[in-house]
Amino acid sequence: MSSIDDEIKQEVADNKILIYGKGTKSAPQCGFTVETIQFFNKYGHPFEVINVLDNMEKRDALSKMTNWPTLPKVFIDGKFYGDTDILDEMEAKGEVEPLLKTAFGE
Amino acid sequence: MISIPDLTALVKEGISDAEVEILDRTGMKDHFIIHVTSATFESMDIMARHRAVQAVLNPAMQDGRIHAAEIKTATPS
């Protein structure tokens, strides 16, 4: 278990909604990261964006851990949910609201 | 770069009954929106569907023919 994996596990545990993306919350560098930030802004729950744009080692560790090739990578309540391609379809089926409610213990 | 017919064929190779609609977002043949409709998705949750499409696209993602793909999945209505 490399320190990078531990670092990721800690970050995922520390944030109920966590987005690994390109750029930061205030200065996103990629359209898909912007879309993901806008997606969670609608719900009003706190979320964190961790910039891995220039951290190839961490990006590789994340891709291996999730078996998912692209960024952004979203974790909710410790579980991996891909990106807005998946979250949009889950939202259309009404699956996101209850998920966030349980995550924030409402 | 990959042509839309080649990209359609690539998807169908992996998901034989797939109905595929592709939009080239920039005209540069490497940023796509890909809609895949397949009956096989009926038994799969949304994450599994997207993993199936990601797996089929992987060769073209790895060698750079596809730079970015926004994927939508659906079952035949």
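The preceding data block contains the structure.
Conventions adopted
Residues numbered from 1 in each chain as written. Chains lettered and ligands numbered in written order. Predicted model: local features only at pLDDT ≥ 70, side-chain atom pairs only at ≥ 80, totals over all residues. Heavy atoms only, no water. Helix = DSSP H or I, 4+ residues; strand = E, 2+ residues; numbered from the N terminus. Rg over C-alpha atoms; globule rule 2.2 N^0.38 Å. Buried < 20%, exposed > 50% of the residue type's maximum accessible area, 1.4 Å probe, protein only. Contact = heavy atoms within 4.5 Å. Areas by Shrake-Rupley, 256 points an atom, 1.4 Å probe, with all protein chains shown as cover. Lys, Arg positive; Asp, Glu negative; His and termini not counted. Charge placed at Lys NZ, Arg CZ, Asp CG, Glu CD. Buried area = accessible area lost by both parts, 1.4 Å probe. Salt bridge = Lys/Arg side-chain N within 4 Å of Asp/Glu carboxyl O. Axes fitted to C-alpha atoms, helices over the stretch in contact; angles between N-to-C directions. Left-handed = near helix turned anticlockwise from the far one by under 90°. Nonpolar A, V, L, I, M, F, W, Y, C, P; charged D, E, K, R; others polar. Core = buried A, V, L, I, M, F, W, Y, C linked by side-chain atoms within 4.5 Å. Pairing = 2+ DSSP bridges.

## With respect to the overall build of chain A
Alright, step 1. Each helix and strand counted, chain A has 5 helices and 4 strands in total.
Alright, step 2. In sequence order, chain A lays out its α and β elements as α-β-α-β-α-β-β-α-α.
Alright, step 3. By the compact-globule yardstick of 13 Å for 106 residues, chain A fits well, its C-alpha radius of gyration being 13 Å.
Alright, step 4. Along the longest, intermediate and shortest principal axes, the C-alpha atoms of chain A span 35 × 30 × 25 Å.
Alright, step 5. For chain A, buried positions account for 47% of its 106 residues.
Alright, step 6. Sequence separation of 24 or more characterises 60% of the internal contacts of chain A that already satisfy a separation of 6 or more.
Alright, step 7. Carbon and sulfur atoms make up 50% of the accessible area of chain A, which totals about 5300 Å².
Alright, step 8. The centroid of the 12 positive side-chain charges in chain A is displaced by 1 Å from the centroid of its 19 negative side-chain charges.

## Let's talk about the interface of chain B and chain A
Alright, step 1. Between chain B and chain A, the contact holds 14 residues from the first and 17 residues from the second.
Alright, step 2. Approximately 1300 Å² of surface area, both sides summed, lies buried where chain B meets chain A, with 56% of it carried by carbon and sulfur atoms.
Alright, step 3. Looking at the side of chain B facing chain A, the largest losses of area belong to Ile-46, Met-47 and Arg-51 of chain B, adding up to 42% of the total buried there.
Alright, step 4. Between the two partners, chain B and chain A, sit 1 salt bridge.
Alright, step 5. Here Asp-88 of chain A makes a salt bridge to Lys-72 of chain B, at a shortest N to O gap of 3.7 Å.

## As for the packing of helix H4 (residues 84-92) of chain A against helix H2 (residues 46-62) of chain B
Alright, step 1. Running from N to C, H4 of chain A and H2 of chain B point in directions that differ by 145°, and their axes come no closer than 10 Å. As for the relative orientation of H4 of chain A and H2 of chain B, their crossing is right-handed in sense. Taken together, the residues of H2 of chain B that come into contact with H4 of chain A (itself represented by Asp-85, Ile-86, Glu-89 and Met-90 of chain A) are Ile-46, Met-47, Arg-49 and His-50 of chain B.
Alright, step 2. When the residues that make up the contact of H4 of chain A with H2 of chain B are grouped by side-chain class, the tally is 4 nonpolar, 1 polar and 3 charged.

## Brief notes about the nonpolar core
Alright, step 1. In this structure, Tyr-20, Phe-40, Ile-76, Leu-87 and Met-90 of chain A are the most contacted members of the largest nonpolar core, which totals 33 residues.
Alright, step 2. When sequence neighbours within four positions are dropped, the list of residues in contact with Phe-40 of chain A reads Ile-17, Ile-19, His-45, Phe-47, Val-74, Ile-76, Leu-87 and Leu-100 of chain A.
Alright, step 3. With 20 residues, the next largest nonpolar core counts Ile-2, Val-11, Val-20 and Ala-69 of chain B among its residues.

## What to know about the sheet that holds strand E3 (residues 68-74) of chain B
Residue and element names in this part refer to chain B.
Alright, step 1. Pairing is mixed across the open sheet formed by 3 strands, whose spatial order is E1-E2-E3. The sheet is open, and its two edges are formed by strand E1 (19-24) and E3, each paired on a single side. For this sheet, the mean angle separating the axes of adjacent strands, direction not counted, is 15°.
Alright, step 2. Across 7 bridges, strand E2 (residues 31-37) lies against E3 in parallel orientation. Bridge pairing in E3 places His-31 opposite Ala-68.
Alright, step 3. Sheet strands in contact with H2 are E2 and E3, and its direction is about 135° off that of E3.

That's the geometry; what it means functionally is another story.
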